[in-house]
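Understanding the architecture of this molecule
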Amino acid sequence: MIRKSDFDYDLPERLIAQHPLQKRDDSRLLVLPSGQNRPIHRQFSDLPEYLQAGDCLVINNSKVLPARLLGARQDSRTAVEFMLLHRKTDTDWEVMVRPGRRVKPGHVIEFIPDRLTARVLDILPESGNRIVRFEFSGIWEEILDQAGSMPLPPYIHEQLDDPSRYQTVYASRIGSAAAPTAGLHFTNDLLDSIRARGVAIAELTLHVGLGTFRPVKHDNILEHPMHAEYYELSGESADKINASRESGGRVVAVGTTSCRVLETVADEQGRLGPSSGWTDIFIYPGYRFKLVDVLVTNFHLPESTLIMLVSALAGRERILSAYKAAIDHEYRFFSFGDAMLIEKQETEHHEPN
């Protein structure tokens, strides 16, 4: 049995980054090469040195919705908070509601008088989420920008002065409830430097759901119900990745989101075709990677599915040892924190007992 506690570690609260650095690529980069247990300490701006001509860097172009809406019931003026989760139609959404007990089917929630309201249609029995129908005057995206705010992770307690810092510089496909944070370190200049080294850059989309923050509650991690997230991979990007791999280049995934899409879509030979749909792939030690060779990622919460994924790539003991080194060197952790570059461990590794 693989236990949740196998992926625990102690993190001083002071190391949880509460705000982004002034310059994105000034963050630190802990490099964990294949076959080497001792990590290398660099800056993120040094990343191009670890990429080779012929490699393919795969980025997630999803853009974060200003998904947090504060309003009030029209009848009672009771305060209500919506979190947009999934768009069903042009007007209908699945939303998380607080306080849920005060919001029933038929209630109308007002966010901007005469411009944005929502009528509750139904309650989903399993999750308690609501299906609501928005009524609005004007362009939806513009109204949402006016009414909504960024849904920052629960471990960030400070306000974000510049909402664009919770978006990657290449974000273009709006739909995420949380940022694919490994990409926050990239600047346009850094991406140009990577291209200049002969590295291809391929985009995909995975819209990050709030389930990314859902804790693993079962001690046996195989009992954990993995949340599903929507993805798209174009034929153009699939061709770039296939060409890189066929020429001997490595596939370098930026973030666990890109990694999960690639491992979902790849066949047993590691080839890709255009694809879209929902993935609930759960990657943990013992998983054999079909495509991803290198992962650029942030530091993840203890006992989370994300630390299980990186442990599958590099080995659990090596990852926990690298995390300890990061703590000893006072790296910044989580969404606005520092980054890792992890090369896939070549030797076979087994599930912990």
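Structure: above.
Quantities reported herein were computed from a predicted structural model and do not represent experimental measurements. (Residues numbered from 1 in each chain as written. Predicted model: local features only at pLDDT ≥ 70, side-chain atom pairs only at ≥ 80, totals over all residues. Heavy atoms only, no water.)

1. Observations concerning the overall build of the protein chain
Each helix and strand counted, the protein chain has six helices and 18 strands in total. Against the globule reference of 20 Å for 353 residues, the protein chain gives a C-alpha radius of gyration of 21 Å, in line with a compact fold. Judged by the C-alpha coordinates and their principal axes, the protein chain covers about 65 × 40 × 40 Å. Considering the protein chain as a whole, with its 353 residues, one finds that 56% of them fall into the buried category. For the protein chain, the proportion of contacts with a sequence separation of at least 24, taken over those separated by at least 6, is 71%. Carbon together with sulfur atoms contributes 45% to the accessible area of the protein chain, which is approximately 15,900 Å² in total. In the protein chain, 40 side chains carry a positive charge and 49 a negative one; their mean positions are 3 Å apart. (Helix = DSSP H or I, 4+ residues; strand = E, 2+ residues; numbered from the N terminus. Rg over C-alpha atoms; globule rule 2.2 N^0.38 Å. Buried < 20%, exposed > 50% of the residue type's maximum accessible area, 1.4 Å probe, protein only. Contact = heavy atoms within 4.5 Å. Areas by Shrake-Rupley, 256 points an atom, 1.4 Å probe, with all protein chains shown as cover. Lys, Arg positive; Asp, Glu negative; His and termini not counted. Charge placed at Lys NZ, Arg CZ, Asp CG, Glu CD.)

2. A closer look at the pattern of salt bridges
Evaluation of the coordinates by the stated rule reveals 16 salt bridges. As a salt-bridge pair, glutamate 49 and arginine 42 come within 2.8 Å of each other at their nearest N and O atoms. With a relative accessible area of 22%, arginine 42 lands in the partly exposed category. (Salt bridge = Lys/Arg side-chain N within 4 Å of Asp/Glu carboxyl O.)

3. What to know about the environment of aspartate 189
As for its placement among the helices and strands, aspartate 189 is situated in helix α2 (residues 188–196). Residue aspartate 189 is classed as exposed on the basis of its relative accessible area of 60%. Between the alpha carbons of aspartate 189 and aspartate 25 there is a distance of 9.8 Å; along the sequence they are 164 residues apart.

4. A few points about the nonpolar core
Ile241, Leu262, Leu272, Ile319, Tyr323, Phe333 and Met340 are the most contacted members of the largest nonpolar core, which totals 64 residues. Looking at which element gives the most residues to this core, the answer is helix α5 (residues 305–314), with seven residues. When near neighbours in sequence (up to four residues on either side) are disregarded, phenylalanine 333 contacts Tyr9, Leu11, Leu15, Ile16, Ala17, Phe299, Tyr323, Ala326 and Ile327. Grouped together as the second largest cluster of nonpolar side chains are 24 residues, Leu84, Val103, Phe111 and Val132 included. (Core = buried A, V, L, I, M, F, W, Y, C linked by side-chain atoms within 4.5 Å.)

5. Quick notes on unusual backbone geometry
Of the consecutive residues arginine 98 and proline 99, the connecting peptide bond is found in the cis state with omega at -10°. Structurally, proline 99 is set in the loop between β7 (92–98) and β8 (108–112). The phi dihedral of aspartate 114 falls on the positive side, at around 70°, and the residue is not glycine. Tracing the backbone through its elements, the reader meets aspartate 114 in the loop between β8 and β9 (116–123). With a phi close to 75°, phenylalanine 334 is a non-glycine residue in the positive phi region.

6. Observations concerning the sheet that holds strand β3 (residues 56–60)
With mixed pairing, the nine strands of this open sheet are ordered in space as β2-β1-β18-β17-β15-β3-β13-β14-β16. Every other strand in the sheet has two partners, leaving β2 (40–43) and β16 (275–279) as the edge strands with one partner each. Each strand of the sheet is rotated relative to its neighbour by a mean of 25°, with strand direction disregarded. Where strand β15 (residues 251–254) meets strand β17 (residues 294–298), three bridges bridge the pair, whose relative direction is parallel. Residue pairing in the sheet places valine 252 in a bridge with valine 294 of β17. Relative to the sheet, helix α4 (residues 255–265) contacts β3, β13 (200–206), β14 (229–233), β15, β16 and β17, its axis offset from that of β15 by approximately 130°. (Pairing = 2+ DSSP bridges. Axes fitted to C-alpha atoms, helices over the stretch in contact; angles between N-to-C directions.)

7. As for the packing of aromatic side chains
Going through the model one piece at a time under the given rule, you end up with 20 aromatic pairs. Look at phenylalanine 299 and tyrosine 323: their rings are 5.2 Å apart centre to centre, the planes differ by 75°, and that puts the pair in the edge-to-face class. A residue pair is termed long-range when its members are at least 10 positions apart, and phenylalanine 299 in the loop between β17 and α5 and tyrosine 323 in helix α6 (residues 316–328) qualify at 24 residues. Each member of the pair phenylalanine 299 and tyrosine 323 is classed as buried. (Phe/Tyr/Trp six-rings, centres within 6.5 Å; stacked < 30°, edge-to-face > 60°.)

8. What about the environment of glycine 138?
For glycine 138, the position within the fold is in the loop between β10 (130–136) and α1 (140–147). Expressed as a C-alpha distance, the spacing of glycine 138 and glutamate 232, which sit 94 residues apart in the sequence, is 28 Å. Apart from residues no more than four positions distant in its own chain, glycine 138 is found in contact with Arg115 and Ile143.

9. Here's the deal with the side chain of histidine 207
Within the secondary structure layout, histidine 207 lies in the loop between β13 and β14. A distance of 2.7 Å separates the side chain of histidine 207 from the side chain of serine 62, its partner in a polar contact. For histidine 207, the residues in contact, after removing those within four places along its chain, are Ser62, Arg173, Ile174, Gly175, Ser176, Glu229 and Tyr230. (Polar contact = N/O pair within 3.5 Å; in protein donor to acceptor, adjacent residues only side chain to side chain.)

10. A word on the packing of α5 against α6
Two elements in contact, α5 and α6, have axes separated by 7 Å at closest approach and are oriented at 115°. Along this stretch, α5 crosses α6, giving a crossing that reads as right-handed. Residues Ile307, Val310, Ser311 and Ala314 of α5 pack against Arg316, Arg318, Ile319, Leu320 and Tyr323 of α6. In the contact of α5 with α6, the residues fall into six nonpolar, one polar and two charged. (Left-handed = near helix turned anticlockwise from the far one by under 90°. Nonpolar A, V, L, I, M, F, W, Y, C, P; charged D, E, K, R; others polar.)

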